[in-house]
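Observations on the three-dimensional arrangement
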Amino acid sequence: MNLAAQRTPLIAALEQLGPHDHFCSIYENREEHYGVAIAFMQIGLDRGEKCIYIADDGMVGDVRQAMQSEGIDVERATASKALVLATKEQAYLRHGSFNPDWMFTFWEEATQSAMSEGFSALRATGETEWVVRGARGLERWMEYESRLTHAVSENNCSALCQYNRRLFPPELILDVIRTHPVVVYRGTVCRNLYYVPPDEFLGTNQEEREVERLLTNIQEREDVEHALRDQLSERKKVEEALRLSRDELDTKVKERTAELRKINDDLQSVNKELEAFAYSVSHDLRAPLRHIAGFTELLLKDAEPVLDDKSRRHITKILQSANRMDSLVDDLLAFSRIGRVETQKTTVNLEQLVRSVVAEIAPDTQGRRIVWRIGALPICYGDPSLLQVVFSNLVSNAVKFTRTREQANIEIDSLNHGPNEVVVFVRDNGVGFDMNYKDKLFGVFQRLHSQDAFEGTGIGLATVQRIAHRHGGRVWAEGAIDNGATFYVALPKPEKRKQDE
Amino acid sequence: MSDLKRILLVEDDPKDVELTLTGLAEYNLANEVVIVRDGEEALDYLYRRGNHQTRANGNPAVMLLDLKLPKVNGFEVLEQVRADENLKMLPVVVLTSSHEERDLVKSYKLGVNGYVVKPVDFHQFVNAVKELGVFWAVINEPPPGSVKKR
């Protein structure tokens, strides 16, 4: 298992420590023990520092193994003198008994020797189980720890002292805490609030200083907690305000949704009514018409011998009216269907569509001289069968209203028109219209010509407009009496749809 | 015309009945037309019950069926006919005023054999009725169990 990958926060914190730092690791199990100590060594080896590990009795092999399992090449590191695995006899007790003064000399010499060997600093860690077992001179151990902070700060050296909390009595651990500026505990590198500088720790009048320190700590801690509480209540206020405005927004959204649902329901019921209306028109309005036409025909046939010309003409008019009423009903139903059917939109090649419309109308234009000019028409986004109805109406209108011309000129082309829509126009040189009535052109059953001059029900342009509106488009017209007309249709571009979605 | 087969006309509007019969009469097809005035009576006829309890056995060669009918409408008649073992092969042609696509679709979904919209124009109407009569009462070979008059 890779230590660096597993304990990144701990290692990152340990990497902040280096020469001149004196700190301790208080551990409760093997994992915490080696987790800190081996990482400390590893960082030193990586940095080119000389690393000394002073192991407890009989533990050198264990340490070696722990280092190897974390990926340290112990063989090579010891061969290059970068790593030294030592026992207490080789360090603390090399004179048989423990003496802090000798130790400081030892560290000073070891640091100098490491530097002269070409290492950038000395890094040392020691296990301390032997300390609780007692040895000569150990009554000065805590004095040593306290003074060590000063010693390492003077030398190019860092020291990690390892304490097994389960082994050491609390009063000793208490002194360990007081003598190390930095403590590593349960995987966290902590700035030590309870650290006491050496002159204070070792000096006289300790109790008076302790009282001062504790009182200051109590008061500072209270101040800090107070500030934290203020911050917390401020934050709660902000959160509350946020929650309130979120609730408000929620309510608004819900209200709006309900409104929209109601509008939608209303629209649907209106649509249903319309559909029922159209259905009954389709079934019931036609029957009487059929009867008028049918029985009038029968009358005409049976009474033929006794009818004079005038009566015959009247009967013919009844028949014509019935047939016209039938066309009107048909057109009205078709018109209302456009508003009811669901549109099936896709990209539509308008040029292809217009050419097929023109080809379809061609058989009805026999005997006419018509010059067609169809430009390059764009692609738009819409329902192909509805757009077919639009251009079928516009083109057949153009054909119809140029009937009085010796040569009809019909032009279908597009305008370059903005980023969102395409505009196609149908222009003719026909009888035109008075611009004063341009708004009436698109009304249902609105006609600007007499039935005698030009046949039709007046539903075509209303249908065109309705289909354009259903596409989110527009229609408009320009013209002059006896001087042709131009009808424009604006439809959404394919790209526009993508933005909308 | 060697075989003239029976036509069942289901039509509630007497004027439409008259016009239809006029159309059929012009081609001598009116003799074998049975007229019923609503969906219920149509079913009574087909099942030989009610007023039609005593009629002779056998199905008509075709049923010309209006959709908008009192009591039981055309769709309901059609549905029952298609669900009945003895009637499901009966040729049924819808004869209606409606161009509505949903009527058309529903009729075909229910298994109609033809769908004819009654034209307003009398000549077209007569022509449509005549063609229907000729086809179903003369040309078409009906399923087994239909009445034939020789």
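Residues numbered from 1 in each chain as written. Chains lettered and ligands numbered in written order. Predicted model: local features only at pLDDT ≥ 70, side-chain atom pairs only at ≥ 80, totals over all residues. Heavy atoms only, no water.

1. Considering the sheet that holds strand 6 (residues 182-185) of chain A
All names here are of chain A. On the basis of which strands lie adjacent, the open sheet formed by seven strands has the order 3-2-4-5-1-6-7 and mixed pairing. The open sheet terminates on both sides in strands that have one partner only, identified here as strand 3 (83-87) and strand 7 (188-191). In this sheet, neighbouring strand axes are inclined to one another by 20 degrees on average, regardless of whether the strands run parallel or antiparallel. Bridge count between strand 4 (residues 122-127) and strand 5 (residues 157-164): six bridges; the pairing is parallel. (Pairing = 2+ DSSP bridges. Helix = DSSP H or I, 4+ residues; strand = E, 2+ residues; numbered from the N terminus. Axes fitted to C-alpha atoms, helices over the stretch in contact; angles between N-to-C directions.)

2. Here we look at the domain arrangement of chain A
A common way to state how big an interface is: give the accessible area lost once the parts meet. Split by domain assignment, chain A resolves into domain 1 (3-203), domain 2 (225-323) and domain 3 (343-500). Put simply, the middle of domain 2 of chain A and the middle of domain 3 of chain A, counted by C-alpha atoms, are 27 Å apart. (Domains from an automatic or database assignment.)

3. Structural notes on the interface of chain A and chain B
Taken together, the contact between chain A and chain B spans 23 residues of the former and 24 residues of the latter. Counting each side, the surface lost to burial between chain A and chain B is near 2100 Å², with a carbon and sulfur contribution of 54%. It is A:Tyr279, A:His283 and A:Arg290 in chain A that bury the most area against chain B; as a group they hold 32% of the surface buried on that side. The interface formed by chain A and chain B contains four salt bridges. Here A:Asp284 ties to B:Lys68 by a salt bridge, and the two come within 2.5 Å at their closest N and O atoms. Our count for the chain A to chain B interface comes out at seven residue pairs in polar contact (both at pLDDT 80 or more). (Contact = heavy atoms within 4.5 Å. Buried area = accessible area lost by both parts, 1.4 Å probe. Salt bridge = Lys/Arg side-chain N within 4 Å of Asp/Glu carboxyl O. Polar contact = N/O pair within 3.5 Å; in protein donor to acceptor, adjacent residues only side chain to side chain.)

4. Notes on the packing of aromatic side chains
As enumerated under the stated definition, the model contains 18 aromatic pairs over all chains in all. An angle of 55 degrees between the planes, with centres 5.8 Å apart, marks the rings of A:Phe425 and A:Tyr488 as tilted. Taken as a pair, A:Phe425 in strand 12 (residues 421-428) and A:Tyr488 in strand 14 (residues 485-492) lie far apart in primary sequence, 63 residues in all. For A:Phe425, a relative accessible area of 5% translates into the label buried. We note A:Arg466 situated over the ring of A:Phe335; from NZ or CZ to the ring centre the distance is 4.5 Å. The ring of B:Phe75 carries the charged tip of B:Lys106 above its face, separated from the ring centre by 4.4 Å. (Phe/Tyr/Trp six-rings, centres within 6.5 Å; stacked < 30°, edge-to-face > 60°. Buried < 20%, exposed > 50% of the residue type's maximum accessible area, 1.4 Å probe, protein only. Lys NZ or Arg CZ within 6 Å of the ring centre and 35° of its normal.)

5. Focus on the side chain of B:Asp121
If you trace the backbone, B:Asp121 turns up in the loop between strand 6 (114-117) and helix 5 (122-139). At 11 Å, A:Arg290 is the nearest oppositely charged side chain to B:Asp121, a buried residue that forms no salt bridge. In terms of polar contacts, B:Asp121 uses its side chain to reach the backbone amide nitrogen of B:Gln124, at 3.1 Å. (Lys, Arg positive; Asp, Glu negative; His and termini not counted.)

6. A word on the environment of A:Arg403
Residue and element names in this part refer to chain A. With respect to the helices and strands, the residue Arg-403 is situated in the loop between helix 14 (384-400) and strand 11 (408-415). Overall, the relative accessible area of 39% leaves Arg-403 in the partly exposed class. For Arg-403 and Val-431, which are 28 residues apart along the polypeptide, the C-alpha to C-alpha distance reads 8.6 Å. In contact with Arg-403, other than residues within four places in its own chain, are Arg-368, Ala-453, Phe-454 and Glu-455. Looking at Arg-403, its side chain comes within polar contact range of the side chain of Glu-455, at 3.3 Å.

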